[in-house]
Amino acid sequence: MTSPPSTTTTMEEFNNKELLDNVRPLLQRDKIRLWEPPYTNPDTGAENFPEELVESVCAEVGSTTEEIRLALSYLRRHALEKLAAKKRTDLLTLKVRSSGVSNNKNSCINVSISSQSSGHELEKLIQEKLNLLDQNIKMICSGRMIQLNELLQTQNVHTNATILVLAVPKSAVASASADIQTSNLIQAIKEATSILHENARNKSNLSQYQLRITDQQGRELTALSDDERRSLMVAMTLHEKGRSFLRQRDYLSALSLFSEADNEFRQCSSQMLNSVDNWGLLNLDIVWCYLCMQNVNDLQDAVERLVRCDTCFVKVYGNSFQRLKALQKDGMGHMVLFVRLHLLQAIVAYHAGRKTDAKNLLGMAEEEARMMRIEPEKLTQIMLMGYTTTEARRGLRSAQGNIDQAIEFIIENRRIREEHRRDEQAREEDERLQNRYGRTQNGEKINVTYLRQLESMGYLRRACAEALKQSNNRLEQASEMLLTNIDTLITAGRLSRHDDDDDGAAYQESVLMEDATHIPQLVALGAELEEARALLEIHGNRLDRAAEELLQRYKDSITTNSEPDRITDIFERARKAVEKRNAKKVKLDEEAAAAEHRRAALAAIVPDLLRNNQTTEDINNETGPDPNDHLDLLLDDEEAFINDYRKRLMDDGFYE
């Protein structure tokens, strides 16, 4: 007996995804192929579902016969569409999801396009289908942004893939505001990160913002190529900015930034990616966005990303967190990440029909969430002691709910952060000294430890630096030079400093303030009033040098009798000195304005990534940046998903 004819359904009309997830595994188990006879007429292509099949599926899933017929009809049509697409290898059938588009009632539509089409052609097609011609859109496939100028085939866009669409009004794209979620924001972030990258390459001005890349032990990753360092900086910045959208539950905007970060991470070597956890965290965040947007269609991409995340966590944290505990003494605090990881793995397994695996993984996530659960009374008790909510929550999780141990953890964590701050200040001071005094004759930076050691013996720092430069950082030779040639070293150091214009000396000399006491003294030595002013202009208002030249020229004039030529020469040199000083001032003013503009741009776009000296007040400030902010998860959403999928498994008979 066959079922009565039914109206074919489209994805827009059939939205009972839970029923599809229950029916599909049954058909796979019984090896029922709806696109073949007797379920599809080979001549007319009409559907034909035996009543026995409908009743059997009804008995197992508990739905009405009409719902089962609709589900079977949809699955048959979907299978036929996939077969038709395979016959035309150049034709792609894509699912387009447009969550958040106010003028479009359909949550999902199908579009067909050639694989040889460009991203721009797909963009135009989607705009027409969704009536978004007055808006700009971003298209994301498998967690990666579709590039408009590249062919779909080269971007690994395959048939039946899901395209996530983020629509932004064109007027918003034209806006310069960094708060608007547009391509302008991504471009602004990349430009800001380029500034950070340039600052890292050129450390001559340590007042600028900089971004250092470290491993889990806080050691800076120095063995990076220039391109790799830049890509990593851009990726980390985009990821962090995407997290800010994720915290606001703006999942499409977050995914837009995450996909750009993913493209940048892929430019880095696998060795580098395995030394930090950022790569794994990004993949975890992308799949979390999939779940929160209810996008479980692209299972393969989710599976691959969770495998990368799991592999990365094991390499970086170690099995059972043993490596992380040895490094940070906060291994248990990172368990919140595994709650989310195992939950996502369970959900992916469930929708793939591997419900036994789903049950086991869900049990792991449930147990880990239980261990991370915080009693509100204990949280309040610690907060009443003056600690922040984040500190209290992380402390209790790391101490497994023990208040005394939690407080010890918080105090130790503050001590470590303060120690890192002091180490950072010391490192910056060392770099400042090395940049100030230049390099040795063989091109090495000055050994700051030797510099301080020689300075502690009572010598001028400038002379010590010059001795180390001339001796190529040989401590004993530098000491000998200081004992025998101290005056020569001081003079050489002074000339070197004057030539390099370091430490703002050029700007200070560019603003020459006439000293009323200097001119009378030069006049008393025999100089004319204008001559005295000219000499001070030439020597930057340094009385000793001006007097030395005046006396020397007086001696020369006695023997050569060239007084008029001497005066003319002094005035000409004074004029050139003023011009040079004014040119330096203009240049320095321009550089200062440009530096301030860069600083303002950075502060407006990525303040949480910029390396700036933090005070103790910053550490106590709950709103201040915290490198472990991603560990402060409430786990409310995770527990809601755990309960939801536990109920689904119970309905399927996997729990007694």
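The name recorded for the protein chain in an unreviewed UniProt entry is NEDD8 ultimate buster 1, from Rotaria socialis.

A few words now on the pairing of strand 3 (residues 135-141). Among the 7 residues in strand 3, 6 count as buried, and that is most of the element. Across 2 bridges, strand 3 lies against strand 4 (residues 144-145) in antiparallel orientation. Note on strand 4: the bridge partner recorded for Cys141 is Arg144. Linking strand 3 to strand 4, which pair antiparallel, is a turn of 2 residues; within it Ser142 sits at a positive phi near 55°.

Turning next to the packing of aromatic side chains. The tally for this structure, following the rule as stated, stands at 6 aromatic pairs. Here the guanidinium or amino end of Arg340 rests over the ring plane of Trp288, the centre of that ring lying 3.9 Å away. Of note, Arg648 hangs over the ring of Tyr645, and the distance from its end group to the ring centre comes to 4.4 Å.

What follows concerns the side chain of Ser253. The residue Ser253 is located in helix 8 (residues 251-265) in this model. Exposure remark for Ser253: the relative accessible area of 3% places this residue in the buried category. A distance of 2.9 Å separates a polar atom in the side chain of Ser253 from a polar atom in the side chain of Asp250.

To continue, consider the nonpolar core. Grouped together as the largest cluster of nonpolar side chains are 76 residues, with contacts concentrated most on Leu232, Leu255, Phe265, Phe313 and Leu362. If one sorts the elements of this core by residue count, helix 13 (residues 335-351) sits on top with 13 residues. Leu255 has contacts with Ile140, Leu164, Ile286, Cys289, Tyr290 and Met293, leaving out every residue within four places of it along the chain.

Another point: the side chain of Arg76. Here Arg76 lies in helix 3 (residues 65-87). Here the side chain of Arg76 touches Thr40 through a polar contact of 3.2 Å, side chain to side chain. Ignoring any residue separated from it by four or fewer positions in sequence, one finds Arg76 in contact with Leu34, Trp35, Tyr39, Thr40, Gly45, Ala46, Glu47 and Phe49.

In this structure the tally under the stated criterion is 40 salt bridges. Across the pair Glu391 and Arg414 runs a salt bridge, and its minimum N-O distance is 2.8 Å. With Glu391 in helix 16 (residues 389-398) and Arg414 in helix 17 (residues 403-437), the pair connects residues that are 23 residues apart, well separated along the chain. By relative accessible area, which is 13% here, Glu391 ends up buried. A salt bridge links Glu572 to Arg575, with the nearest nitrogen and oxygen atoms 2.5 Å apart. With Glu572 and Arg575 both in helix 26 (residues 563-605) and 3 residues apart, the pair spans about one turn of that helix. On the accessibility criterion, Arg575 (39% relative accessible area) is partly exposed. Each of Asp262, Arg266, Asp301 and Arg305 takes part in a single network of salt bridges with overlapping partners.

Let's shift gears to the state of the cysteines. Under the definition given, this model contains 0 disulfides. No disulfide involves Cys292; its sulfur sits 6.7 Å from that of Cys289, the nearest cysteine. For Cys292, a relative accessible area of 18% puts it in the buried group.

The next subject is the packing of helix 10 (residues 278-292) against helix 13. Between two packed helices, what matters for the description is the angle formed by their axes and the separation of those axes. Running from amino to carboxyl end, helix 10 crosses helix 13 at an angle of 50°, the nearest separation of the two axes being 10 Å. Relative to helix 13, the element helix 10 lies oblique. Remark: the crossing between helix 10 and helix 13 carries left-handed chirality. Judged by residue contacts, Leu281, Leu284, Asp285, Val287, Trp288 and Leu291 of helix 10 engage Leu337, Arg340, Leu341, Leu343, Leu344 and Ile347 from helix 13. Of the residues in the contact of helix 10 with helix 13, the class split is 10 nonpolar, no polar and 2 charged.

Turning our attention to unusual backbone geometry. With an omega of 5°, the peptide bond running from Pro37 to Pro38 counts as cis. By the element assignment, Pro38 lies in the loop between helix 1 (17-29) and helix 2 (51-61). Despite not being glycine, Asn160 has its phi angle at roughly 70°, a positive value. Structurally, the position occupied by Asn160 is in the loop between strand 4 and strand 5 (162-169). One non-glycine residue, Asn472, lies in positive phi territory at about 55°. Tracing the backbone through its elements, the reader meets Asn472 in the loop between helix 19 (461-470) and helix 20 (475-484). Taking relative accessible area as the criterion, Asn472 reaches 18% and is therefore assigned buried.

Rules behind the numbers
- Residues numbered from 1 in each chain as written.
- Predicted model: local features only at pLDDT ≥ 70, side-chain atom pairs only at ≥ 80, totals over all residues.
- Heavy atoms only, no water.
- Buried < 20%, exposed > 50% of the residue type's maximum accessible area, 1.4 Å probe, protein only.
- Helix = DSSP H or I, 4+ residues; strand = E, 2+ residues; numbered from the N terminus.
- Pairing = 2+ DSSP bridges.
- Phe/Tyr/Trp six-rings, centres within 6.5 Å; stacked < 30°, edge-to-face > 60°.
- Lys NZ or Arg CZ within 6 Å of the ring centre and 35° of its normal.
- Polar contact = N/O pair within 3.5 Å; in protein donor to acceptor, adjacent residues only side chain to side chain.
- Core = buried A, V, L, I, M, F, W, Y, C linked by side-chain atoms within 4.5 Å.
- Contact = heavy atoms within 4.5 Å.
- Salt bridge = Lys/Arg side-chain N within 4 Å of Asp/Glu carboxyl O.
- Disulfide = S-S within 2.5 Å.
- Axes fitted to C-alpha atoms, helices over the stretch in contact; angles between N-to-C directions.
- Parallel < 35°, antiparallel > 145°, perpendicular 65-115°, else oblique.
- Left-handed = near helix turned anticlockwise from the far one by under 90°.
- Nonpolar A, V, L, I, M, F, W, Y, C, P; charged D, E, K, R; others polar.

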